[in-house]
Amino acid sequence: MKPTVFIDRKVPNEVEAYIAEHCNIEKWEQSTHIPRAMLHEKLANASGLLTAGMKIDADLLERAPKLKIVSSISVGYNHFDLAAMKERGVIGTNTPHVLNDTVADLALALMLGTARRVAELDRYVKDGQWKSGDGLKLFGVDVHHAKLGIIGMGRIGEAVARRAKFGFDMDVAYFNRSRKPEAEEKLGVRFSQLNDLLAASDFVVMLAPLTAETTKLIGHNEFKMMKPSSIFINISRGQTVDELALIEALQSGTIAAAGLDVYEKEPIDADHPFLQMANVLTLPHIGSATTQTRFDMAMLAAQNLVSGLSGQTPTCMVDELK
Ligand code: NAP
């Protein structure tokens, strides 16, 4: 008999058809979150769960006694309570690699967008304020040949470094939990301690995963180390940064600007200070959101799900659950 899986979002038809070859599917396809009571009902009989950001904790696992695998359509898996999953022998998988270039492209878009004030000046033109030449007040700063500091030199960090080094002739340094000699050689980047990287960089890009160690890794002290002209980009997870400290750093001129794809609370509230700040470029967590990449992620997540349920070890099992 085919195992039952619950899919908590709309996935491409081709992906659903692939899963249906191997599993009975229960699904929730509305844009709102499934009501908790209904979720519990669906999970009572499910051996597999395909999701993206659903919090997987002891309470949820308690209500899903048959659950063998949670396959997430994301590379970040900070929504997994790894200890609770391990205790119950529930496998967790993610979708690395297939999104590297797409997320790296967005990191560059945030760098270029903040440096050249793209969104702000788009509004300036559309509001009918462009009445004369391009005076001083419209000037930005250069991305090419500037100093870039990457925090978290993993798969996406390397893709950002490659673009920065070979596309924009940037001087690239990185801080990482472990050194990456291969990346240093291949990409011509150098390792730097975090404080040195913060002090020297024109652009700081946060790309470390959210863990206990990286929670609020960047706060008041770190912003103070940065140059007043520096631009901070966060494309990892909002909680890696102390958001109040970031707001204060931007308001006080401790740093010049920020480009953000992620926030402490998502979606952000309508009265969030970022929304009033011309020097902050705000995107709605769309790092991997292209049609092709989201398809590839969903298909990879489906393959992980099916292989986990058929007793094989999925290729993208998260390290801590191996
Ligand atoms: P990855 O390959 O695992 O890279 C993460 C890097 O961070 C690794 O090199 C790791 O070092 C390093 N790291 C871990 N803990 C650290 C710490 N405490 N201090 C310094 N460095 C640390 O992951 P990835 O695929 O590049 O993805 C990175 C993150 O991007 C994801 O976890 C996710 O949160 C985020 N992301 C966001 C979006 C979006 O839509 N905005 C999309 C995709 C991914 P070691 O190699 O030494 O462990």
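Residues numbered from 1 in each chain as written. Predicted model: local features only at pLDDT ≥ 70, side-chain atom pairs only at ≥ 80, totals over all residues. Heavy atoms only, no water.

**Considerations on the site of the ligand**
Neighbouring the ligand are 27 residues; Asn176, Arg177, Ser178, Glu213 and Asp261 lie closest to it. Here an oxygen atom of the ligand sits 3.3 Å away from a polar atom, N or O, in the main chain of Met153. Separating an oxygen atom of the ligand from a side-chain N or O atom of His285 is a distance of 3.3 Å. Considering the ligand on its own, with 930 Å² of exposed area, one finds that the protein chains cover 88% of that surface. (Near = heavy atom within 4 Å. Polar contact = N/O pair within 3.5 Å; in protein donor to acceptor, adjacent residues only side chain to side chain. Areas by Shrake-Rupley, 256 points an atom, 1.4 Å probe, with all protein chains shown as cover.)

**Quick look at the environment of Gln251**
You can see Gln251 is positioned in helix α11 (residues 243-252). As for Gln251 and Asn279, which are separated by 28 residues in sequence, their C-alpha atoms are 9.2 Å apart. With residues up to four places along the chain from it excluded, the contact list for Gln251 reads Pro273 and Met277. (Helix = DSSP H or I, 4+ residues; strand = E, 2+ residues; numbered from the N terminus. Contact = heavy atoms within 4.5 Å.)

**Thoughts on the pairing of strand β10 (residues 231-234)**
Regular strands place side chains that alternate from one sheet face to the opposite one. Every second residue of β10 is oriented toward a common face, with Ile231 and Ile233 on one face and Phe232 and Asn234 on the other, all of them buried. In this structure, strand β9 (residues 203-206) lies alongside β10, joined through 4 bridges in parallel fashion. Note on β10: the bridge partner recorded for Met206 is Asn234. Where β10 and strand β11 (residues 257-260) come together, 4 bridges link them in parallel fashion. Looking at β11, one finds that Asn234 is bridged to Leu260. Read from β10 through α11 to β11, the crossover connection turns out right-handed. (Buried < 20%, exposed > 50% of the residue type's maximum accessible area, 1.4 Å probe, protein only. Pairing = 2+ DSSP bridges. Right-handed = clockwise from strand over helix to strand, strands pointing away.)

**Topic: the sheet that holds β10**
The pairing of strands in a sheet happens through backbone hydrogen bonds and is either parallel or antiparallel. Taken together, the 7 strands give an open sheet; going across it, the order is β8-β7-β6-β9-β10-β11-β12, and neighbouring strands pair in parallel fashion. The sheet is open, and its two edges are formed by β8 (190-191) and β12 (280-282), each paired on a single side. On top of the sheet, helix α7 (residues 155-168) reaches β6 (147-151) and β7 (171-175); it is set at about 175° to β6, its chief contact. Where α11 meets the sheet, it contacts β10, β11 and β12, and its direction lies at approximately 140° from that of β11. (Axes fitted to C-alpha atoms, helices over the stretch in contact; angles between N-to-C directions.)

**Topic: the pattern of salt bridges**
Summed over all chains, the structure comprises 18 salt bridges. The shortest N-O distance in the salt bridge between Arg163 and Asp105 comes to 2.8 Å. With Arg163 in helix α7 and Asp105 in helix α5 (residues 100-115), this pair connects stretches of sequence that are 58 residues apart. Residues participating in the shared-partner salt-bridge network are Lys10, Glu16, Lys27 and Glu29. (Salt bridge = Lys/Arg side-chain N within 4 Å of Asp/Glu carboxyl O.)

**Description of the packing of helix α1 (residues 13-22) against helix α12 (residues 291-309)**
Helix-helix packing: each pair is described by the crossing angle between the helix axes and the interaxial distance. Contact pair α1 / α12: the axes reach a minimum separation of 9 Å and the direction vectors enclose 5°. Taken together, the axes of α1 and α12 lie roughly parallel to each other. In this structure, α1 uses Glu14, Val15, Tyr18, Ile19 and His22 to contact α12, whose residues at the interface are Phe295, Ala298, Met299, Ala302, Gln303, Leu305 and Val306. When grouped by side-chain class, the residues that make up the contact of α1 with α12 number 9 nonpolar, 2 polar and 1 charged. (Parallel < 35°, antiparallel > 145°, perpendicular 65-115°, else oblique. Nonpolar A, V, L, I, M, F, W, Y, C, P; charged D, E, K, R; others polar.)

**Focus on the sheet that holds strand β1 (residues 4-7)**
As summarised here, the arrangement of the 5 strands in space is β2-β1-β3-β4-β5, forming an open sheet in which the pairing is parallel. Single-partner strands in this sheet number two, and they are β2 (24-27) and β5 (91-93). Strand after strand, the sheet turns through a mean of 20° between neighbouring axes, direction not considered. With 4 bridges connecting them, strand β3 (residues 48-51) and strand β4 (residues 69-72) associate as parallel partners. Residue pairing across strands places Leu49 opposite Val70, the latter belonging to β4. Packed onto the sheet, α12 meets β1, β3, β4 and β5 and runs at close to 170° relative to β4.

This is a description of form; function is not addressed.
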